[in-house]
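Residue strings, one per chain:
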Amino acid sequence: MSADPPSPAAAAAPASGTVHWIGTGLSTGRSGLSLVCERARRVVLWDRTAERAAARLAAHGLAGRAEVRALTPSALADGVGPGDVLVSMLPAAEHPALLRLATDRGAHFACTSYVSAELAALAEGAAARTRTVVLTEAGLDPGIDHLMAHDLVARGREAIGPSPATAAFTSYCGGVPAVPNAFRYRFSWAPYGVLAALGSPARHIDSGAERTAARPWEATRPLVLAGEEFEVYPNRDSLPFVAQYGIPHQWQLATFVRGTLRNAGWRTAWKEVFDTVSAGDPAAVRALAAALAARYPTTPADRDRVVLSVSLELRTAAGTRWRGSHLLDLTGDGDESAMARCVSLPVAYGVTRILAGALPAGLNRAAETPRETTRWLTFLAAHGLGGTCEETSSTPSGVPA
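Residues numbered from 1 in each chain as written. Predicted model: local features only at pLDDT ≥ 70, side-chain atom pairs only at ≥ 80, totals over all residues. Heavy atoms only, no water.

## Here's the deal with the packing of helix α4 (residues 95-105) against helix α5 (residues 117-130)
Direction vectors running N to C along α4 and α5 enclose 5°, while the axes themselves pass 10 Å from each other. With respect to each other, α4 and α5 are oriented roughly parallel. Here α4 contributes His-95, Pro-96, Leu-99, Arg-100, Thr-103 and Asp-104 to the contact with α5, which in turn contributes Glu-118, Leu-119, Leu-122, Ala-123, Ala-126, Arg-129 and Thr-130. For the contact of α4 with α5, the residue count by class is six nonpolar, three polar and four charged. (Axes fitted to C-alpha atoms, helices over the stretch in contact; angles between N-to-C directions. Helix = DSSP H or I, 4+ residues; strand = E, 2+ residues; numbered from the N terminus. Parallel < 35°, antiparallel > 145°, perpendicular 65-115°, else oblique. Contact = heavy atoms within 4.5 Å. Nonpolar A, V, L, I, M, F, W, Y, C, P; charged D, E, K, R; others polar.)

What follows is the structure, encoded as structure tokens:
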């Protein structure tokens, strides 16, 4: 892959070497926090109380590696300085206020959540005012899935050149029980959010046409990965990612879908959920979410599993066929859940890139250039998050290209 051209006009303000990690919930894994402690000059861990933050550090085997602070708006405002990096592991609704604070203090900002319209507008202003780096979508999904998608698009373009092609792209991710239970799911956080998300329409491309699944679970289909059967369904709005992933204009999309992966049997097991969500009563959904969370909690003895599958298939009019795929399949252990590792390690690596002055000012989504994507994927692979990558091609005669 060719080197990316420099962009001095978008150069970021120098990083100070101080990182403020805000929040110590289930997504703050040992792997990510340890990396930041290794690479940053100074790390401050913020939580509701300093004692809670210290306990989290100790649980990760990092006692004494970072300062701990009780999180209040005034304390954080006083603590953040120019060039610092503010990492939000809080819910997405908290990000705009934290980005405003970072901009006011001339600091950089990182999170793992999707970019909202408000966050995008704030990022544009931050770049102009203080040359702030705003790193978003740098977790698992969104995050690692983006890296895999960019990698496959680059590989596909190289494989078939400028030829027009029919393209089928899918990206499915899910956090599931390592040992499936009767419900095919265990709740670890935000049970209402898990159920309520099913009420959001999912826009995607199927059979060459744009489609919207008002009830996403009704578009569930089987997916076999490494001989194991799962169930997948579209989630959110996939269409903006056509441009974000740099799909060439000469590729005609037969399929383009980003979605959720569940253990086989999920749709049958969740019938009560679907009936309740379809009825449209938020109170009933909340009540059911609470009941199910109590019935199917994640206990200390349970292990979680993350499965992420991203694939791209291209066919030219001349009959050339190319297919590339990434598969990440990780099970948690007693030291760290799979989800915490997959969310916290990518954002932590992104923080090291900010510290190194490698990311431009303004909005950055994980890694969107060929060189940076390769760098991130190489790092993650070296730290156990590489998964498997397969690539096949054939000519019209059936002889491998």
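## Observations concerning the environment of Ile-144
Along the chain, Ile-144 turns up in helix α6 (residues 144-160). Separated by 229 residues in the primary sequence, Ile-144 and Thr-373 have C-alpha atoms spaced 9.8 Å apart. With residues up to four places along the chain from it excluded, the contact list for Ile-144 reads Gly-139, Leu-308, Leu-328, Cys-342, Pro-346, Leu-380 and Leu-385.

## So, unusual backbone geometry
That bond from Asp-141 to Pro-142 is cis: its omega, 15°, falls within 30 degrees of zero. The phi angle at Arg-131 is positive, at roughly 55°, despite the residue not being glycine. One can find Arg-131 in the loop between α5 and β6 (133-136). Look at Arg-184: it is not a glycine, yet its phi comes out positive at around 65°.

## Quick look at the side chain of Thr-260
Take Thr-260: it is sitting in strand β12 (residues 251-263). Only 3.3 Å separates the side chain of Thr-260 from the side chain of Asn-235, close enough to count as a polar contact. In contact with Thr-260, not counting residues within four places along its chain, are Tyr-172, Cys-173, Glu-231, Val-232, Tyr-233 and Asn-235. (Polar contact = N/O pair within 3.5 Å; in protein donor to acceptor, adjacent residues only side chain to side chain.)

## Focus: the sheet that holds strand β5 (residues 108-111)
Pairing is parallel in the open sheet, where seven strands are placed in the order β3-β2-β1-β4-β5-β6-β15. In this open sheet, the two strands that pair with only one neighbour each are β3 (67-70) and β15 (362-365). This sheet shows a mean twist of 20° between the axes of neighbouring strands, independent of strand direction. Lying on the sheet, helix α2 (residues 50-59) is in contact with β2 (42-47) and β3; it crosses β3 at an angle near 145°. Of the strands in this sheet, β1 (18-22), β4 (85-88), β5 and β6 touch helix α12 (residues 338-355), which is tilted by about 165° from β5. (Pairing = 2+ DSSP bridges.)

## Structural notes on α4
Within the span of α4, buried status applies to His-95, Pro-96, Leu-98, Leu-99, Leu-101, Ala-102 and Thr-103. The inward-facing, buried residues of α4 abut β1, α3 (73-79), β4, β5, α5 and β6. The positive-phi residue at the C-terminal boundary of α4 is Gly-106, with phi of around 70°. (Buried < 20%, exposed > 50% of the residue type's maximum accessible area, 1.4 Å probe, protein only.)

## Notes on the pairing of β12
Most of β12 is tucked away: ten of the 13 residues are buried. Examined bridge by bridge, strand β7 (residues 165-177) and β12 share nine bridges and lie parallel to one another. Note that in β12 the partner of Tyr-172 across the bridge is Gly-259. As paired elements, strand β11 (residues 228-234) and β12 share five bridges and run antiparallel to each other. Along β12, the bridge assignment pairs Phe-230 with Asn-263.

## Observations concerning the pairing of strand β8 (residues 202-206)
Relative to strand β9 (residues 209-213), β8 runs antiparallel, the two being bridged by five bridges. Counted as the bridge partner of Ala-202 is Ala-213 from β9. Joining the antiparallel neighbours β8 and β9 is a turn of two residues, in which Ser-207 adopts a positive phi near 55°.

## What about the packing of helix α10 (residues 271-279) against helix α11 (residues 282-295)?
Any two packed helices are characterised by the angle at which their axes cross and by the distance between the axes. The geometry of α10 relative to α11 is characterised by a closest axis approach of 9 Å and an angle of 160° between their N-to-C directions. On the basis of their axis angle, the class for α10 and α11 is roughly antiparallel. In the crossing of α10 with α11, the sense of the turn from one axis to the other is left-handed. The segment α10 lies against α11, with Glu-272, Val-273, Thr-276 and Val-277 engaging Ala-284, Val-285, Leu-288 and Leu-292. (Left-handed = near helix turned anticlockwise from the far one by under 90°.)

## Thoughts on the nonpolar core
Trp-21, Val-87, Ile-144, Trp-251, Phe-256 and Leu-312 are the most contacted members of the largest nonpolar core, which totals 69 residues. Tallying contributions element by element places α12 first for this core, with nine residues. In this view, Val-87 contacts Val-19, His-20, Trp-21, Ile-22, Ala-110, Val-347 and Val-351; residues no more than four positions away in its chain are not counted. (Core = buried A, V, L, I, M, F, W, Y, C linked by side-chain atoms within 4.5 Å.)

## What to know about the pattern of salt bridges
Throughout the structure, instances matching the rule amount to 22 salt bridges. Measuring nitrogen to oxygen at the nearest pair gives 2.9 Å for the salt bridge that ties Arg-203 to Asp-237. Placement of Arg-203 in strand β8 and of Asp-237 in the loop between β11 and α8 (240-244) is noted, with a sequence separation of 34 residues between them. Salt bridges linked by common partners bring Arg-42, Glu-67 and Arg-69 together as one network. (Salt bridge = Lys/Arg side-chain N within 4 Å of Asp/Glu carboxyl O.)

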